[in-house]
Amino acid sequence: MKDCRADIAYHLLLGLLYPLALLPLSVLYVLADCLYVLIYHVVRYRRRLVEANLAACFPDKTAAERKAVCRQFYRNFADYIVETVKLLHISDEEVERRFTWSGLEHITRPLDESRSITAYFAHCGNWEWAPSVTLHCRREKEQGDLFCQIYRPLRSKAFDRLMLRVRSRFGSISIPKNSALRKFVEMRRQGIASVTGFMSDQKPSHGDAGHLVTFLGRPTLAITGTETVARRLGMAVVYWHITKPSRGHYHIDVVPMADNAAEMPEHALTELYYRLLEKNIVENPPIWLWSHNRWKHKIPDDTAKH
């Protein structure tokens, strides 16, 4: 019965959103402007949290400067929403024009050597468009490589199914977080090389003690699972540095982090990732997802001492 309700909810969602996806982005951005007014001024979606995060991370900025960052964050967030809906109906050519890449040799070279790659990235810009890397590395069909992303299944089966459809738009596959290591071991046994994106800027899940880093001037528990997988399987590791040159346009520069993660000291990749992410955010603060309750849980005393 639950599956039946979820199936009905999914088709209702699709029926509501697909007609919007048929609209050109120029029209969708008008809707995004209206959405910004709604979520920022009317609903005030997580405004206190965003303002508190900005105050804690940028104490040297004036109140006016932080308010400007806050407003631009909500404008970016509204753009993210309509751009994600647009993935239900958008051409490869338009995405290639709007989402560009540099440094792809740091991906293609390990693949040429039949080695897999861990790609650290974050909730910056429009992360849902990042799987379009397959349009720029046209290899998977000819050479058997796989492009993947790790995800946490949503509680709502209808939304989860919708997001899986969106995230598979460019031919990549979504791997549930809890089964990632097992999947990678299986792929290695089959001789399949992969490029996998890990969104590693969230707080650690239950069961992951995390590693303490200093991030945006604050003690922060970092996810360690990404590094664990990369080190155990000797993957090459890169960081996807994302920028937003203009509205509706994004660019990722692929930054090498390690040629072989197995040769890196424990926690070195996690710490490097947070340094690269911090640089990414400081360059353009509104681009990050400030509405995420990143520092929700108090850091345990034993972790802090460590």
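Visitor: How should the overall build of the protein be read in this particular structure?
Guide: Of regular secondary structure, the protein possesses 13 helices and 9 strands. The globule rule puts the C-alpha radius of gyration for 306 residues at 19 Å, and the 20 Å found for the protein is close to it. Its C-alpha atoms give the protein principal-axis dimensions of roughly 50 × 50 × 45 Å. The proportion of buried residues among the 306 residues of the protein is 51%. A total accessible area of about 15100 Å² is found for the protein, and carbon and sulfur atoms account for 55% of it. The protein carries 43 positive and 33 negative side-chain charges, and their two centres are separated by 8 Å.

Visitor: I tried to follow the nonpolar core on my own but got confused; where do I start?
Guide: Within soluble globular proteins, side chains that are nonpolar generally end up buried alongside one another. If you look at the biggest cluster of nonpolar residues, it comprises 93 residues, and the most contacted ones within it are I107, F184, W240 and W290. Ranked by residue count, the leading element in this core is helix α4 (residues 63-86), at 9 residues. Those residues within four positions of I107 in sequence are excluded, and the remaining contacts are I117, V133, C137, V195, W240 and V254.

Visitor: Would you take a moment to explain unusual backbone geometry for this structure?
Guide: A negative phi angle characterises most non-glycine residues, just as the trans form characterises most peptide bonds. Located in the positive-phi region is L216, a residue other than glycine, with phi close to 55 degrees. Turning to its location among the elements, L216 is positioned in the loop between β6 (211-215) and β7 (218-222).

Visitor: So what exactly am I meant to see when it comes to the pairing of β7 here?
Guide: For a regular strand, side chains alternate in direction, first toward one face of the sheet and then toward the other. A large share of β7 lies buried, amounting to 4 of its 5 residues. With 5 bridges joining them, β6 and β7 adopt antiparallel strand pairing. Looking at β7, one finds that L212 is bridged to L221.

Visitor: Just to check I follow, could you spell out the environment of P204 for this structure?
Guide: Among the secondary structure elements, P204 is positioned in the loop between β5 (194-199) and β6. Residues P204 and T224, spaced 20 residues apart in sequence, show a C-alpha to C-alpha distance of 7.8 Å. Setting aside its immediate chain neighbours within four residues, P204 contacts R152, G210, L221, A222, I223 and R294.

Visitor: Looking at this model, I keep getting lost on the side chain of S132. Mind explaining?
Guide: Counting through the fold element by element, S132 comes out in the loop between β2 (117-121) and α7 (133-136). In terms of polar contacts, S132 uses its side chain to reach the backbone carbonyl oxygen of W129, at 2.7 Å. Those residues in contact with S132 that lie beyond four places of it in its chain are V95, F99, W101 and F170.

Visitor: Sorry if this is basic, but what is going on with the packing of aromatic side chains here?
Guide: Both the distance between ring centres and the angle between the ring planes are used here to describe each pair of aromatic rings. In total, this model carries 22 aromatic pairs according to the counting rule given. On the basis of an interplanar angle of 70 degrees and a centroid distance of 4.9 Å, the ring pair of F73 and Y74 is categorised as edge-to-face. In this structure, F73 and Y74 share a single accessibility class: buried. Centre to centre, the rings of Y273 and Y274 are 5.1 Å apart; their planes meet at 75 degrees, and the pair counts as edge-to-face. Neither Y273 nor Y274 differs from the other in exposure class; each is buried. Clustering of aromatic rings is evident, with ring pairs tying together F58, Y120, F215, Y239, Y273, Y274, W288, W290 and W295. Geometry around Y36 places R75 over its ring, the cationic atom sitting 4.0 Å from the centre. The ring of W295 is capped by R218, whose NZ or CZ atom sits 4.0 Å from the centre of that ring.

Visitor: Just to check I follow, could you spell out the packing of helix α2 (residues 25-42) against α4 for this structure?
Guide: Two quantities define a packed helix pair, namely the angle between the axes and the distance from one axis to the other. As a packed pair, α2 and α4 sit with axes 8 Å apart at the nearest point and diverge in direction by 135 degrees. Put simply, α2 runs oblique to α4. Seen along the crossing, α2 lies across α4 with a hand that is right-handed. Judged by residue contacts, L25, L28, Y29, A32, D33, L35, Y36, I39, Y40 and H41 of α2 engage K67, C70, R71, Y74, R75, F77, A78, D79, I81, V82, E83 and K86 from α4.

Visitor: Would you take a moment to explain the sheet that holds strand β4 (residues 173-176) for this structure?
Guide: Within the open sheet, the 7 strands sit side by side as β1-β9-β8-β2-β5-β3-β4. Their pairing is mixed. At either end of the open sheet lies a strand with only one pairing partner, and these are β1 (99-102) and β4. Pairwise comparison of adjacent strand axes, ignoring direction, gives a mean angle of 30 degrees for this sheet. Across 5 bridges, the pairing between β2 and β5 is parallel. Paired with A119 across the bridge in β5 is G197. Of the strands in this sheet, β3 (146-151), β4 and β5 are in contact with helix α10 (residues 180-189), which crosses β4 at around 125 degrees.

Rules used in this analysis
- Residues numbered from 1 in each chain as written.
- Predicted model: local features only at pLDDT ≥ 70, side-chain atom pairs only at ≥ 80, totals over all residues.
- Heavy atoms only, no water.
- Helix = DSSP H or I, 4+ residues; strand = E, 2+ residues; numbered from the N terminus.
- Rg over C-alpha atoms; globule rule 2.2 N^0.38 Å.
- Buried < 20%, exposed > 50% of the residue type's maximum accessible area, 1.4 Å probe, protein only.
- Areas by Shrake-Rupley, 256 points an atom, 1.4 Å probe, with all protein chains shown as cover.
- Lys, Arg positive; Asp, Glu negative; His and termini not counted.
- Charge placed at Lys NZ, Arg CZ, Asp CG, Glu CD.
- Core = buried A, V, L, I, M, F, W, Y, C linked by side-chain atoms within 4.5 Å.
- Contact = heavy atoms within 4.5 Å.
- Pairing = 2+ DSSP bridges.
- Polar contact = N/O pair within 3.5 Å; in protein donor to acceptor, adjacent residues only side chain to side chain.
- Phe/Tyr/Trp six-rings, centres within 6.5 Å; stacked < 30°, edge-to-face > 60°.
- Lys NZ or Arg CZ within 6 Å of the ring centre and 35° of its normal.
- Axes fitted to C-alpha atoms, helices over the stretch in contact; angles between N-to-C directions.
- Parallel < 35°, antiparallel > 145°, perpendicular 65-115°, else oblique.
- Left-handed = near helix turned anticlockwise from the far one by under 90°.

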